[in-house]
Amino acid sequence: MFLIILLVVAVGILNFFYLLPPVINWDEGTHALWGFKEWMALRSGDFHLFWQLSRDQFSYPPLGSWLIALTNLPSEFSLNLARFSSTLGFIGGGILLWMVAKELNKSNKTNKTNWTSWIALFLFLSSPAILFYSVTVFKESWGMALTLLTLYLYFVSVRKRKLIYYLLTGLILTGLFFLKYNYAVLLGLVLGLEAIVEGLLIVLKPFNTNSKFEARNPKQIPNYNSQNSKFFKNLNLGHLILFRHSDFGFRIFFLRQLVLFLPLLLFAFWWILTPDNKLLQFLAIMRSDWNPVTVGMGNSWQYLTFFVQSLRVSYVFSDVLFLLLVVGYLLAVKDLWQKKIRILWLFFTINFVLGTLHAINLQDRYILTSVPALLLIVGYEFSHLAGPVGRLV
């Protein structure tokens, strides 16, 4: 693991000095300015001003400007150090990508190799778009890192089935919301859909005897297979909410989801509704109710295929690699029965579809936080294919 950290840090530092843009890009100025204001408040010790500035950043939540301010705190403020905060996000993202890939390997008992990690990391460290946004003052690098951290903790939660991991996952998901709403809402949507499916399977299918939280008393297990089962007679919304049926597995499942999503929901309500009700403004931000400068720059076909072309041109440096992305994505369909693969696949797919529906804003960065999920899927699928070869290495 130490060598992996060293590799990611080396690539991040070298890329920072090699690819640093000579001029400020569009949104960079806005993010850097807010970071500068927060830095001034911290340097002067005025924490009231620091928090007031944070509350003023409703359209662009303030965690990004906090990170910029903290990166600059040991010295005088500079744009290069502001950009270096994104490099730190890139480094964290690369390490977390490796860790998430390790979790995927643990879910595949027949594949003991590290090919998933290596393939995903190679695609990550060589991606032109990911490298570019690691040296600019945008939210994407840290959004990518916090997204991967959320996924890692969630996968660990699924494996270890301990509430503390679900709580940590929820707290990081809340931090992602504090960085940019879209990132957390999208990932929360995927985890929420997965929770609904899992809950229905627990309620409507035979009790999972492989569960760590198996009912301790056999009498507690309802006879799901009997048409005269009391469970089916009494199954209704009230039972699901009030736990009047005896499925201990469903109770612990509900508690896990509550611990996972409650921090985000509580924080979102507090942030949006206090001190003034900004719900309409929040909804407008989520819908992107404004016309970007890219309106009219392409025809309908170009808008429809923009993110496909973006993957081919911006996210990989070779058409061969793009073909590997497509093949790996399609191969993953056969593995959607696996929870972790399903979550990664849905996360990228939903982001890709929603981005395409809103493609009037032609910016390849709008799928950047979900592209690592695609890289992990591709790494997993080709690692599975290369398993016999990998065992010889």
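All values derive from a computational prediction rather than experimental measurement.

As a further point, take the side chain of Glu-140. Within the secondary structure, Glu-140 is located in helix α8 (residues 140–160). Beyond its immediate chain neighbours, meaning those up to four positions away, Glu-140 contacts Tyr-133, Lys-180, Tyr-183, Arg-365, Leu-368 and Thr-369.

Mapped onto the elements of the fold, Ser-288 is located in the loop between α14 (279–287) and α15 (300–304). Overall, Ser-288 belongs to the buried group, its relative accessible area being 18%. The sequence separation of Ser-288 and Asn-361 amounts to 73 residues, and the corresponding C-alpha distance is 9.6 Å.

In the segment running from Thr-274 into Pro-275, the intervening peptide bond is cis, with an omega of -10 degrees. If you trace the backbone, Pro-275 turns up in the loop between α13 (248–273) and α14.

Further remarks concern the pattern of salt bridges. Per the counting criterion, the structure on display carries 12 salt bridges. Taking the shortest distance from any N to any O, the salt bridge between Arg-159 and Glu-103 comes out at 2.8 Å. Taken together, the residues span a long stretch of sequence, with Arg-159 in helix α8 and Glu-103 in helix α5 (residues 79–106) at a distance of 56 residues. What makes Arg-159 partly exposed here is its relative accessible area of 36%.

Judged by side-chain polarity, Leu-163, Phe-254, Leu-255, Leu-258, Leu-262 and Leu-266 come together as a nonpolar surface patch covering roughly 480 Å² of accessible area. With five residues, the top contributor of residues to the nonpolar patch is α13. Tracing the chain through its elements places Leu-266 in helix α13. Classification of Leu-266 by relative accessible area gives exposed; the value is 54%.

Before going further, it helps to examine the confidence of the model for the chain. Summary statistics for the chain give a mean pLDDT of 84 and a share of 82% for residues scoring 70 or more. Within the model, pLDDT remains below 50 along residues 207–246, and this stretch shows 54 contacts once partners closer than five positions in the same chain are excluded.

Those residues of helix α6 (residues 115–125) lying buried are Thr-116, Ser-117, Ala-120, Leu-121, Leu-123, Phe-124 and Leu-125. Looking at the packing, one finds that the buried side of α6 touches α1 (2–19), α5, α7 (128–133), α8, α17 (319–331) and α19 (371–385).

Next up on the list: the nonpolar core. Grouped together as the largest cluster of nonpolar side chains are 85 residues, with contacts concentrated most on Phe-177, Leu-311 and Leu-376. Ignoring any residue separated from it by four or fewer positions in sequence, one finds Leu-376 in contact with Leu-97, Val-100, Ala-101, Leu-104, Thr-116, Ala-120, Leu-148 and Leu-344. Counting seven residues, the second largest nonpolar core, distinct from the first, contains Trp-34, Ala-41, Phe-50 and Leu-53.

Moving on: the packing of α5 against α19. Packing of α5 against α19 brings their axes to within 10 Å, and their N-to-C directions diverge by 45 degrees. In this view, α5 runs oblique relative to α19, as classed from their interaxial angle. Relative to α19, the crossing made by α5 is right-handed. Contacts from Leu-97, Val-100, Ala-101 and Leu-104 in α5 reach Pro-372, Leu-376 and Tyr-380 in α19. In terms of residue class, the contact of α5 with α19 is made up of seven nonpolar, no polar and no charged.

The next subject is the packing of helix α10 (residues 181–204) against helix α18 (residues 339–357). As a packed pair, α10 and α18 sit with axes 10 Å apart at the nearest point and diverge in direction by 135 degrees. It follows that α10 is oblique to α18 by the angle criterion. Where α10 crosses over α18, the two elements pack in a sense that is right-handed. Contacts between α10 and α18 involve Leu-186, Leu-187, Leu-189, Val-190, Leu-191, Leu-193, Glu-194 and Glu-198 from the first element and Lys-339, Arg-342, Ile-343, Leu-346, Phe-347, Ile-350, Asn-351 and Leu-354 from the second. When the residues that make up the contact of α10 with α18 are grouped by side-chain class, the tally is 11 nonpolar, one polar and four charged.

Evaluation of the coordinates by the stated rule reveals 31 aromatic pairs. Note on Tyr-329 and Phe-348: the rings are 5.9 Å apart at their centroids and 70 degrees apart in plane angle, and the pair reads as edge-to-face. Taken together, the residues Tyr-329 in helix α17 and Phe-348 in helix α18 connect sequence positions 19 residues apart. Lying over the aromatic face of Trp-34, Lys-37 brings its terminal NZ or CZ to 4.6 Å of the ring centre.

Cut-off values and rules
Counting restarts for each chain: residues are numbered from 1 in the order of the written sequence. Residues qualify for local features only when their pLDDT is at least 70, as the model is predicted, and side-chain atom pairs are given and counted only at 80 or more; totals for whole chains, interfaces and linings, by contrast, use all residues. For the side-chain quantities, the full set of heavy atoms in the structure was used; hydrogens and water were omitted. Segments assigned H or I by DSSP are reported as helices when at least four residues long, segments assigned E as strands when at least two residues long, and all are numbered from the N terminus. Should any heavy atoms of two residues lie within 4.5 Å, those residues are counted as being in contact. Relative accessibility under 20% of the residue-type maximum defines a buried residue, over 50% an exposed one, and the middle range a partly exposed one, all with a 1.4 Å probe and only protein chains included. The salt bridge criterion pairs a side-chain nitrogen of Lys or Arg with a carboxyl oxygen of Asp or Glu, the two atoms within 4 Å. Here, patches come from residues exposed beyond 30% relative accessible area and free of salt bridges, joined within 9 Å for like charges and within 5 Å for nonpolar side chains (Val, Leu, Ile, Met, Phe, Trp, Tyr). The accessible surface values rely on the Shrake-Rupley method and a 1.4 Å probe; as for residues, cover is taken only from the protein chains in view. pLDDT expresses how confident the predictor is about each individual residue, on a scale running from 0 to 100. What makes a nonpolar core is a set of buried Ala, Val, Leu, Ile, Met, Phe, Trp, Tyr and Cys residues whose side-chain atoms join them at distances within 4.5 Å. The axes used here are C-alpha line fits, helices contributing only the stretch in contact, and every angle between their N-to-C directions lies in the interval 0 to 180 degrees. Any angle that is under 35 degrees is reported as roughly parallel, and any over 145 degrees as roughly antiparallel; angles of 65 to 115 degrees are reported as roughly perpendicular and all others as oblique. For any pair of crossing helices, the crossing counts as left-handed if the nearer helix is rotated counterclockwise from the farther one by less than a right angle, and right-handed if it is rotated clockwise. Residue polarity is assigned by list, with Asp, Glu, Lys and Arg as charged and Ala, Val, Leu, Ile, Met, Phe, Trp, Tyr, Cys and Pro as nonpolar; anything else, Gly included, falls into the polar class. Within 6.5 Å between ring centres, the rings of Phe, Tyr and Trp (the latter by its six-membered ring) count as paired, and their orientation is classed by plane angle as stacked under 30 degrees, edge-to-face over 60, tilted in between. Whether a charge sits over a ring comes down to the Lys NZ or Arg CZ being within 6 Å of the ring centre and within 35 degrees of the ring normal.

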